[in-house]
Structure formats: structure tokens, C-alpha cells
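Chain by chain, the residues run as shown.
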Amino acid sequence: MSEPRPETAPEIAPLTDPRLRPGVELIAAGRGLARDWQLGPCPFLTTHAVGSEAEYKRQVTASGRIMQHAHIGFRNVDRTIWAIGEVHRNCRAAGVTVDRFGITLDWSMGYPRALRARATRGTGIVLDGPEDFVRITHAAPAAAHFGDFMLGLPGAVENTCAALAAGVSTFGNLGQYFTFRLPYWDDDVATTEATVTAIALLAAQKAEILVHSNLDDGFAGLFLDMSCALGMVLIEKHIVERLIGARLAHCYGHHFSDPLSRSAFHAALARVSDTPGSMIFGNTVAYQSSPAGNYASLASYLLTDIVALGRWPLGHAINPVPVTENQRIPDVEEIIDAQIFAHRLAEHAPFYDAVFDWPRVEAMADRLVAGGQHFAAAALAGLADRGVPIDDPAALLLAIRRMGPRRMEALFGPGAEGPRGRLPLIHAEWARELNHKAESWLATQTALPRPLRVCLGTTDVHEHGKYLVEQALDGLGAAIVDAGVAVDAEVLIDRAIAGGAEAVAISTYNGVALSYAKAVLAAMAARGVALPLLIGGRLNEVPADSNSGLPVDVTPDLRQLGCHPCAGLDDMRAALVMLVPGG
Ligand code: B12
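In this text the structure is predicted, and so the values were computed from the model without any measurement.

K.L.:
Which residues make up the coordination of the cobalt atom of the ligand, and what are the values?
P.N.:
Of all protein atoms, His462 (NE2) alone acts as a donor to the cobalt atom of the ligand, lying 2.3 Å away. Assignment of secondary structure puts His462 in the loop between strand S11 (453–458) and helix H17 (464–476).

Structure representation (C-alpha cells):
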């Protein structure tokens, strides 16, 4: 099955922008900031007598112990600080060391500080000032990893200064620069300038600071060819290490379900990078079952990671994701259980080294590296041909972000040209799985009575739901009006009207389902249209008066508003047939 061709698609921006300041100027600004902002103290650095997490990682790697990462995603700061202490203490009592904590900031933290109070809030943590960062880094003698909504977003400089002063020595997340869009924020020039300035500030530190890039947050979660993801490693290293002078630690994992390609990607990374890795992210897309079933997915990816780290000790921590991840934000007990599970598995895992088919892993790593090098070289040459100064980190970042994963892959991918796009050297699992899901569903369906025009968009970066729905609609014979990814409600309806849509379909995951649906209905009313509104994905939201800070299901509220919540594709087809005249 190939990618459906939407009838209409959002406009494409030029690759260069005269408003963008030269990289050298931004780097100088970052260096200037380092005179006032230097790495501060925290219990992690003092307890382990290290100058930075990079130094700590080299020490522990040399000892042969596998490091562990725990992700904390509560909205409430006090609850987060309590949770960090609780997890660290209880795990230590069980003989388990949690080396680092991933702090899931809320997407409103990505804005410049002055705009945050008015921003839509998702499900993550909101920190008010540098003192809040300090409270978090002092919650336990473990490294605090600020990955989300830091680098790559317009508030990068403020957040980086505050976290640096609080003792943080690993900063994310370059991957988010390429894909994350904040509601009602379109100034990608300001976002680029803030990101380069913040990375230059980190490069100018006396201590060795790690810049973290989660590839799956970036284009790796959207490329159809896994070797292009390895290519992004090379391009990002060119930008961050060669052009800006900082150290870049890569993370991967969300979308890597197959042990062969997951360990091969690690082997490939070992050939192209000597910077300590941050963490290997859990294969969260595989969590499609109950907690008991998800333990099987947890074991599957963790065993692969531990055995691969045994062979290529790159310094990554493993990330045992709690088995409730696909239902909601996991709670403290579930985080502790996952950490204890990982520690015990790390005792078993080395005995699996002998039974892994390493020559097959190495052979796939060969193809990943060859394909990645092809992609990186073709992309840099291709962008230079299009007038992008590829020795300027800011210009290069902006051009790649504006070109996007589909055009990058189509133009610079290593695979042969096929009838409908490039043939992937190594087909990304997420795409294979969703293609198969769409095919098997369509095999049980009949086409719609007539080709309906459906406008489809997402509220946030989660695009896989849309990818699947696009395939299903295309197979049903519908015409797709593509409103794009992370689109504001008003723009969604403008594109629906411009495309002559008869229904609107939204895919949402960030815990904003109800407020977004209300904004869409208001936008329709303001434009004098009333189109059926279908909505699917993670239909929840944190109530305004919540004291737990955890999201709740809003399906009944959506129905009350007159929307059509869809648990899956069956609900979608039924709604379309019922709602659209002659549908
Ligand atoms: C993959 C993933 C990501 C990837 C997305 C890659 C991409 N480019 O698409 C990445 C890594 C980028 C990501 C980022 C984030 N994520 Co995320 N992510 C997931 C994950 C693991 C899978 C979601 C997915 O795509 N599934 C594949 C789809 C096809 O399957 P499905 O959801 O079952 O879809 C079915 C139905 O829902 C339906 N459907 C879906 N959409 C639609 C639309 C219509 C119209 C219809 C009819 C049907 C329909 O059809 C499908 C088949 O039945 C989930 C956890 C999980 N396992 O579900 C977390 C999850 C959704 N993410 C979450 C969060 C919080 C985030 C971040 C904010 C984290 C952060 N702080 O950075 C960021 C988003 C930032 C931003 N800018 O928006 C939370 C949401 C919390 C909540 N709402 O309760 C989850 C639940 C994880 C968790 N437990 O914390 N994520």
C-alpha cells in the first residue's frame, strides 16, 4: 500500500528567510551569555563528584553497569518533586539505581516566558522560574534530563539558562525543533535563532554539556526509510558539533519495535558517534495491550537494548516505560515497578549475547550507515544547490525544518525510485505496521456510496493516527483535504472550506481534545458553516479544576457538543455514512 495523495495540502515555505540572523552572530550571542550563565551545582554532581553527566556516563560505562532512566510527566511541580524522591528512594531500597530522570515539561513551556500564562496547557509540568528548576534538580542525587520543550522551541534561551543554573548538564531536544509546532506560533525564524543561541551557550560552558536529540520526536518518526534516520544523526552532528561546537547525544527508540533493526540502529550509531548517548527510548508504540500484555513489549525492547549496550557501550541509559503508558500518564508505583523489572532483566540479559545473530545485526548496520551517509551527503549538497549556506547552522536548521521529512526523503533518500515514491532501504516499522493495519481493515469494508470530501488534520505532532486514517479514507474512495499537522482550529476550518470539505476529522493526542473541539465549533460558527466533526486519538484532557493534574476521558463531553468521537476506523465509516448526505 502506498501513501494516499491528498487533493489539497498546506503551502510550502521558502527554504531561506532574509529575516534570519547569520549563525555566527547567534553563536557569538550564545557565547556572550556564558559569561553570566554557567553550570550550577546540584546533588547529582556533588554526590558523584563529577563535572557533568557526560563524565558520569563515561565512569559508569567503564564499570559495565547499565544505567537507568525514569520519565516523570505530572503537571504539578510539587507532585513531580515528591515523585522523583519517591522513585529514587524506593528503587535504591530495592537495590536499583535510577541514574537520571526525564522531566516532561508542558508544551506551554516552549513559548517565551511572557506568553506562557495565556497558552493552551497540555498534560506536562509548568515551571515558573529558575527556582523551580532548582527544586527539581535537588529532588534526588540523580541527573535531571530536561528533554521536552527546551531546545528547539522559542523559549529555548530562557529555559536553558534556568536549567543550567540549576545544575542540569544534558539538554534536549533538538529532534523537537524539526517537528514540534506550538499552537498559534508560526515564527520559525525566532525559534531557530533561540535554538542556535541556546546551543552556543551550552557549547561555551567550561563543563562538558550534552545536547540531546530524540530522533523519534524528529523526522525519524516520519521517515519511511530507517536509514534516513541515521542520516539525520550525521546531519545533526554536522550542525551541532562541527558548526556550533557542542556535544550531541542521540536518543532513539519510540518507533523501533523489531529487535533486529533496534539493535542494528544502535550498532550503526556506534560507528558514527563517540559522544555518550543520553537514553534509548522505550518502544512506546508497541504498547497496544493491557498492562500485563505490555510487560511483554517492555521485556522485548529492554532485552534488546541491554544486550546491544553490552556489545556497544555507548553510555545510553535504558528507559523502562511503565506498562500503563498507552492509557494515561503513568503513576509512581508503576514507574518503580518498571525500574525494578529493568534491573532484574539486566541480570539475565548478558546470557542472551551468545544467542543473538550479530552478523545479521552488523549487516543491517552496514546498510543503515551506507544509506545514512548517502542521505546526509545528498541532503547537504541538495540544500546547497537550493541556495542554503550549509556552513551556517541557523540557515541549515531552518531549511531542513521547512522542507520537512516527506520532501527530504523523496529528494535525498538512498532507495531506488519506485512507482509511488522511493523504495525504503529499510522500511520503518511504524509505517509497515500501519500500512498492514489499514490494508486488513479495508479488506473487510465496502467503498463509500460516493467520494466524500473529508478535511483531516491533527492538533499536535502525533501524525500516525492521521497517517492511518488517510489510508483508510483513501481506500474507502473519499477525497482528502489535508489540513496538516499541529494546525490551529481556525486554520483547519479555513482549509476545510477552501477545499470544499463535507466533513472535518481531527486526530488528537496531547490532552486537548475538548478545548480544541470547542475552538473548532466556534471557528465554524464564526464562518457560518456547520460541518460534521469527527475526532479520534487520545480523547482526554486535564479538567480546569483538577487536583490530580491527570487527564480524564472527555468522550461524553464531545458527544454532548455534537461531535462524533471515534474509537477507531469502524466508528469513522459509520459516522461518515450516517452524516454526509448520500454518504
Ligand atoms: C508515537 C507517540 C509519540 C510520537 C509521535 C510520532 C509522530 N510523528 O506521530 C512522539 C515521540 C513525537 C510523541 C511526542 C509526544 N507525546 Co506521544 N505518544 C506516542 C504513542 C506512543 C503512540 C501514539 C500513536 O501514534 N499511536 C498510533 C495510532 C495509529 O494508534 P491509536 O492511537 O491506537 O489510534 C487508533 C484510534 O485512536 C484511531 N484514531 C486516531 N486518530 C484518529 C482520528 C480520527 C479522525 C479517527 C476517526 C480515528 C483516529 O485510529 C487508530 C486505530 O483504531 C502514545 C502512547 C500510546 N502507546 O498510545 C504517546 C502519547 C499519546 N504521547 C503523549 C505525550 C504527552 C506526548 C508529548 C507531549 C510528550 C512531550 N512532552 O514531549 C509529545 C507531543 C509534543 C507535541 N509537540 O505535540 C501522551 C498523551 C497523554 C494524554 N493525552 O493522556 C501519550 C498517551 C503517552 C503517555 N502516556 O504519556 N509521541
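K.L.:
Now, about the domain arrangement of the protein chain: what can you tell me, with residues and values included?
P.N.:
Domain annotation of the protein chain identifies domain 1 (23–359) and domain 2 (445–579). With centres defined by C-alpha atoms, the gap from domain 1 to domain 2 works out at 31 Å. Between domain 1 and domain 2, the contact holds 20 residues from the first and 20 residues from the second. Interface area, domain 1 with domain 2, both sides summed: about 1,600 Å², of which 59% is carbon and sulfur. Three residues stand out in domain 1 for area buried against domain 2, namely Trp107, Arg181 and Tyr184, and they jointly supply 29% of the buried area on that side. Applying the counting criterion to the domain 1 and domain 2 interface returns 1 salt bridge. Of the charged contacts, one joins Arg181 and Asp488 as a salt bridge, the two residues approaching to 2.6 Å between their closest N and O atoms. Joining domain 1 to domain 2, the criterion identifies 5 residue pairs in polar contact (both at pLDDT 80 or more). Of the residues belonging to the side of domain 1 that touches domain 2, the class tally is 8 nonpolar, 8 polar and 4 charged.

K.L.:
Go over the site of the ligand, please, and point to the residues and values.
P.N.:
Neighbouring the ligand are 44 residues; Glu325, His462, Glu463, Tyr509 and Arg538 lie closest to it. Gly511 is positioned with one of its backbone polar atoms (N or O) 3.3 Å from a nitrogen atom of the ligand. Of all the secondary-structure elements, those providing two or more residues to the shell around the ligand are H17, strand S13 (503–508) and strand S14 (533–537). In terms of residue count, H17 provides more of the shell around the ligand than any other element does, 4 residues in total. When grouped by side-chain class, the residues that make up the shell around the ligand number 19 nonpolar, 17 polar and 8 charged. When residues of the shell around the ligand are assigned to domains, at least three fall in each of domain 1 (23–359) and domain 2 (445–579).

K.L.:
Lay out a nonpolar patch on the surface in plain terms, naming residues and giving numbers.
P.N.:
Taken together, the side chains of Phe351, Tyr352 and Val355 present a nonpolar region at the surface, about 370 Å² in accessible area. Take Phe351: it is sitting in the loop between helix H13 (332–348) and helix H14 (358–385).

K.L.:
Lay out the packing of aromatic side chains with the relevant residues and their values.
P.N.:
This structure, assessed with the given rule, holds 14 aromatic pairs. Look at Phe178 and Phe219: their rings are 5.5 Å apart centre to centre, the planes differ by 50°, and that puts the pair in the tilted class. On the criterion of sequence distance, the pair formed by Phe178 in helix H8 (residues 174–179) and Phe219 in the loop between strand S5 (210–214) and helix H10 (226–244) is long-range, its members being 41 residues apart. Overall, Phe178 belongs to the buried group, its relative accessible area being 5%. For Phe219, a relative accessible area of 3% puts it in the buried group. Pairing Trp430 with Tyr467 gives two aromatic rings, centres 4.8 Å apart and planes at 70°, and the pair type is edge-to-face. Of this pair, Trp430 sits in helix H16 (residues 429–442) while Tyr467 sits in helix H17, and the two are 37 residues apart along the sequence. You'll find Trp430 and Tyr467 in the same group, each marked buried. In textbook terms, an aromatic cluster arises when at least three aromatic residues are bridged by ring pairs, as seen for Tyr177, Phe178, Phe219, Phe223 and Phe375. A cation sits over an aromatic face here: Arg401 above Tyr177, 5.4 Å from the ring centre.

Reading the values: rules and limits
- Residues numbered from 1 in each chain as written.
- Predicted model: local features only at pLDDT ≥ 70, side-chain atom pairs only at ≥ 80, totals over all residues.
- Heavy atoms only, no water.
- Donors = N, O, S within 2.8 Å, 3.2 Å for Na, K, Ca; no water.
- Helix = DSSP H or I, 4+ residues; strand = E, 2+ residues; numbered from the N terminus.
- Domains from an automatic or database assignment.
- Contact = heavy atoms within 4.5 Å.
- Buried area = accessible area lost by both parts, 1.4 Å probe.
- Salt bridge = Lys/Arg side-chain N within 4 Å of Asp/Glu carboxyl O.
- Polar contact = N/O pair within 3.5 Å; in protein donor to acceptor, adjacent residues only side chain to side chain.
- Nonpolar A, V, L, I, M, F, W, Y, C, P; charged D, E, K, R; others polar.
- Near = heavy atom within 4 Å.
- Patch = residues over 30% accessible without salt bridge, like charges linked within 9 Å, V, L, I, M, F, W, Y side chains within 5 Å.
- Areas by Shrake-Rupley, 256 points an atom, 1.4 Å probe, with all protein chains shown as cover.
- Phe/Tyr/Trp six-rings, centres within 6.5 Å; stacked < 30°, edge-to-face > 60°.
- Buried < 20%, exposed > 50% of the residue type's maximum accessible area, 1.4 Å probe, protein only.
- Lys NZ or Arg CZ within 6 Å of the ring centre and 35° of its normal.

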